[in-house]
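Structural overview for review
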Amino acid sequence: MDSKVPTFAETWAAMEKLVEAGKCKNIGLSNFNIAQIEEVLKTAKIKPANLQVESHPHLPNLELLEFCKSNDMSFVAYSPLANPGSMFRKEDQVDLLHDVDVLKIAEKHGKSAGQVLIRYQIDKGNGVVPKSASPARIEQN
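This text gives an overview of the structure that appears in the document. (Residues numbered from 1 in each chain as written. Predicted model: local features only at pLDDT ≥ 70, side-chain atom pairs only at ≥ 80, totals over all residues. Heavy atoms only, no water.)

1. Considering the packing of helix α4 (residues 100-109) against helix α5 (residues 113-123)
Selection criterion: With axes taken as lines fitted to C-alpha atoms, and helix axes fitted only over the stretch in contact, angles between N-to-C directions fall between 0 and 180 degrees. Numbering of helices and strands starts at the N terminus; helices are DSSP runs of H or I of at least 4 residues and strands are runs of E of at least 2. In what follows, roughly perpendicular refers to angles from 65 to 115 degrees, roughly parallel to angles under 35, roughly antiparallel to angles over 145, and oblique to any angle outside these ranges. Note on contacts: a residue pair qualifies if any of its non-hydrogen atoms lie within 4.5 Å across the two residues. Each residue receives one of three labels: charged for Asp, Glu, Lys and Arg, nonpolar for Ala, Val, Leu, Ile, Met, Phe, Trp, Tyr, Cys and Pro, and polar for the others, Gly being one of them.
One way to put it is that α4 packs onto α5 with a least axis distance of 8 Å and a crossing angle of 95 degrees. Classed by the angle they form, the pair α4 and α5 counts as roughly perpendicular. Contact residues: V102, L103, I105 and A106 in α4; A113, V116 and L117 in α5. Of the residues assigned to the contact of α4 with α5, the class counts are seven nonpolar, no polar and no charged.

The following block contains the structure:
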């Protein structure tokens, strides 16, 4: 087994072959920062269509969002609720579903905190991938 880890450019070239073979229509990136995206763009024949990263009011990734807009890449926010049930949450990490400001906005508009956080992304023009283990919240969102 070859232990050489492919570069971003090599991996991207392999993904471009999938588009050329008709296996997919678009290809994108996940959890890349600006320097990593620029590295891909240097050699890309097909520009990334999308970037998916964690984004919510406490981690808006605004510089990354602007970079995507200026490079005609869509921006998709995962964990727009800030992962309230994650086992990796820190004790001092604010639960956005119980954040005072989010709850005030929700009450004012007759919506749930989750709906407010999802709308926050939509209003920025972002795609949103909310996740919940609760069937009621899934339907609500």
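2. Brief notes about the layout of surface pockets
Worth spelling out the cut-off: Cavities and pockets are defined on a 1 Å grid built over the protein atoms alone: a cavity is a set of grid points where a 1.4 Å probe fits but cannot escape, while a pocket is an open set with protein on both sides within 12 Å along at least five of seven lines, and lining residues are those with an atom within 4 Å of any such point. Grid points are joined across faces, edges and corners, and a volume is the space filled by probe spheres set on the points.
There is about 180 Å³ of room inside the second largest pocket. Every residue lining the second largest pocket is listed: I105, H109, K111, Q115, V116, I118, R119, Y120 and I122. For the lining of the second largest pocket, the secondary structure elements donating two or more residues are α4 and α5. The residue makeup of the lining of the second largest pocket, split by class, is five nonpolar, two polar and two charged.

3. What about unusual backbone geometry?
Peptide bonds are mostly trans, and most non-glycine residues show a negative phi. What counts here: Burial classes follow relative accessibility: with a 1.4 Å probe on protein chains only, a residue under 20% of its type's maximum area counts as buried, one over 50% as exposed, and anything between as partly exposed.
Positive phi outside glycine occurs at N31, with the angle close to 60 degrees. Within the secondary structure, N31 sits in the loop between β1 (29-30) and α2 (34-43). Assessed through its relative accessible area of 48%, N31 is described here as partly exposed. The backbone of S79 sits at a positive phi, close to 55 degrees, despite the residue not being glycine. Secondary-structure assignment places S79 in the loop between β3 (74-78) and α4. Residue classification places S79 among the buried residues on the basis of a relative accessible area of 14%.

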